[in-house]
Structure formats: C-alpha cells, structure tokens
Amino acid sequence: MKNESVLPKLTAMCVLAGLLLFSPACKKKSDGGDGPPTGGSTNLEITGIEPGKGAPGTKVTISGNGFSATASENKVVFSSTEAEVSSATESSLETSVPDGAASGKVSVTVDGETADGPAFTVLEPTATITSVVPDSGKWGDKIIITGENFADFSLDNTVTFNGAEAIVLRSSETELTAEVPKGAGSGPVVVTVNGQPSEGHDFNYLLTVLVSTWAGGAEGYADGQGLTAQFDKPIGIVLDSNGTIYVSDSKNNRIRKIVSDQSRTVSTFAGSGADGDTDGSALSAEFSSPTGLAIGPDGELYVADRTNHKIRKIAPDGTVTTVAGTGTAGFTDGTRAAAQFDLPNDVAVTSDGTIFVADYYNHSIRKITSDGEVSTLAGNGASGFVNGIGSSAQFSGPTGLALSPDETVVYVVDTNNGAIRTVHISTGEVSTLTGVGRVTSSEDGTLDEATFEAPAGIAVDGNGRIYVSQTSGYIRMISNGRVETIAGTGVRGYRDDTGSAAEFDYPFHLTVNQEGTVLFIADNYNNRIRRITVE
C-alpha cells in the first residue's frame, strides 16, 4: 500500500519538471530567452515627426526610441494607411506619406507593441508644371499650362505670371488655360493648388505699346484744346502727381500747361514770349530757350533756362524767380548769385529740395542745396568718357537727368558718349549703366550689349524701370538688366500707331507716371506732345 501511494506523486513531479524545462523562463541565454526582443521594442515611443504635413509621397522622418534597426520589422501607419519604411535605426525611421492616407495620428508598431505619435496633416498632391505654351505673349493672350495634380475646378487653381494673378479659363488635372494679365512683365509662371505653389518656366511678357498725339499740331503759338493748340520746338516735359503736364515750349520762350482731363486744354503757365531774363509774375516773366523741367517737393516747377545759363523756379501761383546763375556762361561753384553754368539742359529735384543740374557745356553734374549753395557733384569741365569719383569722372554733353525711386542715384543721359551713366549722390561715384560710346546704331540687348544713338531724355517710374528718348527716333526701356525698344522706327516722321510702327521727329525729354503705364514725349520737330501707353 505504501509503494502504490508514492507512484502517483512521482508521476506528477516528472510532468511538472517537463513543463518547466520547455517553458521560455527556463531557456538559456544562448537561446535568447533571457535577452530583449531583437527589435528593441522595450520603451517604444515617438518623439517627433518632421515635417508635420505633406502630400502623398512626401518624405517623413520619425524620431523616437525602441524602433527596430531592421526596416521591415517596423510598421508605420498614417491614420489607418500603412506606409513603407525605407530605412531604420533604433531611434529614427525614414518613410513617405502613402497614397490614400488621411490626416490623423501616426503610429509605429514593433514586435506587437504600438506607440502613437502626433497628428500628421495630409495635403492634396502638389501640382507640377511640365510646359507653358507659348512661352511668350502679350496681355490677354491664352496660354496652356500642362502638368499634374491641378484642380478640376478653375477657381481652385491660382496662376500667376511674374507675380501677377491671371484668369484661369479652363482646367483639368493635367491642363490649365490662363489669360496673360495686363502689365505682368517677364518672369516665372506659378500654379498654386491648395496653398502649395509650383514654379514653372519663365514667361516672356511682350509689351502692348500704342502711340498717339495728346496735344499740338502746326508750328506756332496757340492755347486751346488738344490738337488745336500749337507749340514751337517743345523740349522739356514733366508730369505732376495730379496728372498735369508742364512743357517747356523752347522757341516760344514759354512754359505751357496741359490739364489732366480728357479736354487736354493747353494754356500758358509762365513766360511772356520775349527772349529775355526777367523774374516776376507768370506772364510778365521772360525765359531764353527753356529746356528741362522738374517738380519740387512743394509743387514748385524748376526750369533749366538754357541760354540764360540759369536755374529758374516757378511758384504754384506762377511767380518766377532765379534759383542760381549769373546769366553769364561759366563754370563757377559758390553761392546762388555767384555760381555759373554753361547751357544747363535738365534738372532733377529730390524730396528735400536738393537740385541736380545737367550742365551741358561744362560736361558736369552740378548740385544746388536748399540754401542756394552750388557745387559740382561729378565731372571736371573736360569732355570725356571716364568713370570715377567726383572730379575724376568725365562726361560729354549731359542732357537728361532722373532720380532713382529711393533718391540715392542720379541717372544721366551722357549724350555725346551714347551712354546712360549713374552718379551716387552720397559719394559722387560715377559708373556706366549701359551704352558703349558714341555710335550710329541703337541695338537692344543686355546692358553690356546695348547701344544708343543720340540719347536725350530720361525718366524713371515707381518700379525703377528707366525710359530713354533718342533724337534718332526711338523710345527705349531699361528693365531687368536689358534694353528694349518700345516705340519708334528710327525714321524721322510723324505717325501714330503701335510702338514698332510709330514715328517721331527728334523726340527730346519725356516723363512717365508712377506705374510706368503712360509716357509723354516732347516731340520736338513735330511740335507735338505724344502719348505712349504701355501694357
């Protein structure tokens, strides 16, 4: 009886020993039983996701701890869509947003353990541009843009040409038809869908230029409306902030005024018509071949009174006074009463009242402070073509001046050198912007390539574009490092037409509005004021 009772106990003990022998807790370390899982999922966590938003296909880096160094042992899910892991370390995973993913939390699972990370915002697929056809055109032209991931609804696509928004006429996922916006200028085409911009090819914007006659006709002197008015060799012209045009009617020795409304009424602002040198009230004052004009900060009109060798000023009420000059040709700095000029041809005035003078036969740029002190900013009286600082620089017959929009630079038409020069106001440093010297051609191109035959007037719009008139019959524009002819054929004549077909006869000074959309030119031998619209 005693032996029979021991047998069941021994059997139970053997069964228990066998279970313990094959349990994971009894395995040896060499079998891996006492070590952590291969993937290292102990303390699995996500510490960061970069970027936090993106379209399908966007590469994403997930930072954290406890990842498997074997990419396939990590399961990454964006919301409910699994992503492929391209590379892995125990602290970083590289993946991409999968197709069909929705915005939501990102999770990582390793060896059955899951960690949730921050929410990821899934964006719509980024648009891409493959072609823009044609790649040049005028405003209003229809342009076809091909690519991928455009919006089917036209209004969900934003298309810009050089930053100017276009109207999208038709759209599909792979093609857009857009209309070139007015005044866009040359630059990149950009398509934005769901707030994500995609830049495509540069578009070459072709200007739409129209030339018309604003006032004048037969040679003579007559006030009146538009084409009934008469001028005799107008040279200087300036546009004020209200749109009123002032003209130096050179052979009539008068300053004329053209109102801004469509009546284009021409009147005499100052000058008796006599060739003389008399200050006084508007219609009793005298000038002698007045040329360049500029508007001062308080609305005064400054006049380069050429053959009086003086700078004159006309107050808003028409009263004429002398700013500087003795009335005798010479080259003398000093006080306003002692200073001398030799055929001053143009003036430019800063917002603080400083006056700059293109002193033609002194081949210099002169400066007049608000208290009347005259000095030489650049040039030394000798004719030449030399860059440098102050008196080391040389010009040859400067005729036109204009200020940069920030008033740090004076642009100079260096006529006999066939060049556009710059003078830095603070230092007097002179350099050549464009033009290669005196030539008999007018070639467009880069600043280094362009040539100018007989440049005369210059104007700058609020965007920094520069316009140059040439007495050889062209109107040129300098923009984005290039020189382009916008009007004129180079044949002396009179014809209103598109820019490339219009004709001028000795166009001298010109003026432009802030936007650069309207220019007015003193067409000297045609005795007319011409208007150019640029769109």
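Structure's up top.
(A) Fine view of the sheet that holds strand S9 (residues 113-122). Here five strands make up an open sheet; going across it, the order is S2-S9-S8-S4-S5 and the pairing mixed. In the strand order of this sheet, the two ends are held by strand S2 (53-54) and strand S5 (81-83), each with one partner. Relative to S9, S2 runs parallel, the two being bridged by two bridges. Note on S9: the bridge partner recorded for Gly-54 is Val-122.

(B) Fine view of the nonpolar core. The biggest cluster of nonpolar side chains holds 37 residues, and the ones touching the most others in it are Ile-145, Val-159, Phe-161, Val-191, Ile-486 and Ile-532. The element best represented in this core is strand S17 (residues 187-193), accounting for three residues. With sequence-adjacent residues up to four places away left out, Val-159 is seen in contact with Ile-145, Ala-164, Glu-165, Ala-166, Val-168, Leu-176, Ala-178, Val-189, Val-190 and Val-191. Listed in part, the 21 residues of the second largest apolar core include Leu-44, Ile-46, Ile-62 and Val-122.

(C) The sheet that holds strand S20 (residues 224-225), seen in detail. Pairing is antiparallel in the open sheet, where five strands are placed in the order S20-S24-S23-S22-S21. For this open sheet the edge positions go to S20 and strand S21 (234-239), each flanked by a neighbour on one side alone. Pairing of S21 with strand S22 (residues 245-249), which is carried by five bridges, proceeds in the antiparallel orientation. The residue of S22 that forms the bridge with Val-238 is Tyr-246.

(D) Spotlight on the layout of surface pockets. What the largest pocket holds in volume is close to 1000 Å³. If you trace the largest pocket, you find 42 residues lining it, with Val-238, Leu-239, Ile-295, Val-349 and Gln-514 closest to the centre. Looking at the lining of the largest pocket, its residues break down into 23 nonpolar, 13 polar and six charged. Taken as a whole, the second largest pocket spans an internal volume of roughly 530 Å³. Forming the boundary of the second largest pocket are 22 residues, of which Gly-185, Ser-186, Met-477, Ser-479 and Asn-480 lie nearest the centre. Of all the secondary-structure elements, those providing two or more residues to the lining of the second largest pocket are strand S18 (196-205), strand S41 (474-479) and strand S42 (482-487). With three residues, S42 is the largest single contributor of residues to the lining of the second largest pocket. Per-class residue counts for the lining of the second largest pocket are eight nonpolar, nine polar and five charged.

(E) Spatial organisation of the pairing of strand S23 (residues 254-258). When you tally the buried positions in S23, you get four out of five residues, the bulk of the element. Across five bridges, the pairing between S22 and S23 is antiparallel. By the bridge assignment, Ile-245 is partnered in S23 with Ile-258. Between S22 and S23, which pair antiparallel in sequence order, lie four residues; one of them, Asn-253, sits at a positive phi of approximately 55°. Alignment of S23 against strand S24 (residues 265-270), held across four bridges, turns out to be antiparallel. Paired with Lys-257 across the strands is Ser-267, a residue of S24. Taken together, S23 and the strand that follows it, S24, pair antiparallel across an intervening segment of six residues, in which Arg-264 is found at a positive phi of about 50°.

Conventions and cut-offs
- Residues numbered from 1 in each chain as written.
- Predicted model: local features only at pLDDT ≥ 70, side-chain atom pairs only at ≥ 80, totals over all residues.
- Heavy atoms only, no water.
- Pairing = 2+ DSSP bridges.
- Helix = DSSP H or I, 4+ residues; strand = E, 2+ residues; numbered from the N terminus.
- Core = buried A, V, L, I, M, F, W, Y, C linked by side-chain atoms within 4.5 Å.
- Buried < 20%, exposed > 50% of the residue type's maximum accessible area, 1.4 Å probe, protein only.
- Contact = heavy atoms within 4.5 Å.
- 1 Å grid on protein atoms, 1.4 Å probe; cavity = no way out; pocket = protein on both sides within 12 Å on 5 of 7 lines; lining within 4 Å.
- Points joined across faces, edges and corners; volume = space filled by probe spheres on them.
- Nonpolar A, V, L, I, M, F, W, Y, C, P; charged D, E, K, R; others polar.

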